[in-house]
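Coordinates in review
Each chain, written out:
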Amino acid sequence: DENRIHSLVLTNLLSRRDSHYQGTVIDDSFARLKEKLTHQLSSVINQLGKTGYVGPVGIDLIKTGSGDYKLLEINARLTMGRVAYEWHRKVNPYPMGILSHLFLKHRKLKSPEAIVECCHRLEEKYLCSIFLFNLIVQRNNLISMIGFFIGSETTENIWNAVDALRSALYVK
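These notes cover the structure that comes with them. Computed from a predicted structure; not experimentally measured. (Residues numbered from 1 in each chain as written. Predicted model: local features only at pLDDT ≥ 70, side-chain atom pairs only at ≥ 80, totals over all residues. Heavy atoms only, no water.)

1. Quick notes on the overall build of the protein
Across its full length, the protein carries five helices and seven strands. Starting at the N terminus and ending at the C terminus, the protein contains elements arranged as β-β-α-α-β-β-α-β-α-β-β-α. Relative to its full complement of 172 residues, the protein shows a buried share of 33%. A sequence separation of at least 24 residues applies to 57% of the contacts in the protein between residues at least 6 apart. (Helix = DSSP H or I, 4+ residues; strand = E, 2+ residues; numbered from the N terminus. Buried < 20%, exposed > 50% of the residue type's maximum accessible area, 1.4 Å probe, protein only. Contact = heavy atoms within 4.5 Å.)

Written as structure tokens, this is what we have:
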């Protein structure tokens, strides 16, 4: 039914203590929790449907220290969770992944070609898939931001690949 609100995905947005966004984790095992939270939010979802709004919606929750989820905000727009979901759904052969960006210091970085080659080596080493989707290059050819999606069977492999990617980007 196209007039019905559809719950597509539950993602986990990671932030540092200083509130800087670190990435969006998507994991197929979140499905059961997604259904539970969708049920708990049914009155909010039904109220939203009554407004006549048509379009994407992101509902942000925060997990409390006691393990409960509290409604934080409702975003009537495409969110990073939806972007991560689309990458996961279209290109990730693994059950979990992370969409993130590395904001890099202004040191001499490897060429884009060398970064791609580095990603291929990391994929073999950490049994993962790495998709680079954004390289922001300044006029002096220093890359200041790299956007990526990394998928794997385990969170350990993903975080090892993220850490290795971060350290492998710079010319030694």
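2. Side note on the side chain of Lys34
With respect to the helices and strands, Lys34 occurs in helix H1 (residues 31-40). For Lys34, a relative accessible area of 13% gives the class buried. Those residues in contact with Lys34 that lie beyond four places of it in its chain are Ser7, Leu8, Val9 and Leu10.

3. Details of the packing of aromatic side chains
For the coordinates displayed, the defined rule picks out two aromatic pairs. Their ring planes at 45° and their centres at 6.3 Å tell us that Trp87 and Phe131 sit as a pair that is tilted. Taken together, the residues span a long stretch of sequence, with Trp87 in helix H3 (residues 80-91) and Phe131 in strand E6 (residues 128-137) at a distance of 44 residues. By relative accessible area, Trp87 is classed as partly exposed at 24%. Ring geometry for Trp87 against Phe133: centres 5.0 Å apart, planes inclined by 35°, an arrangement best described as tilted. In this pair, Trp87 sits in helix H3 while Phe133 sits in strand E6, placing the two residues 46 residues apart along the sequence. One aromatic cluster is present, built from ring pairs that chain together Trp87, Phe131 and Phe133. (Phe/Tyr/Trp six-rings, centres within 6.5 Å; stacked < 30°, edge-to-face > 60°.)

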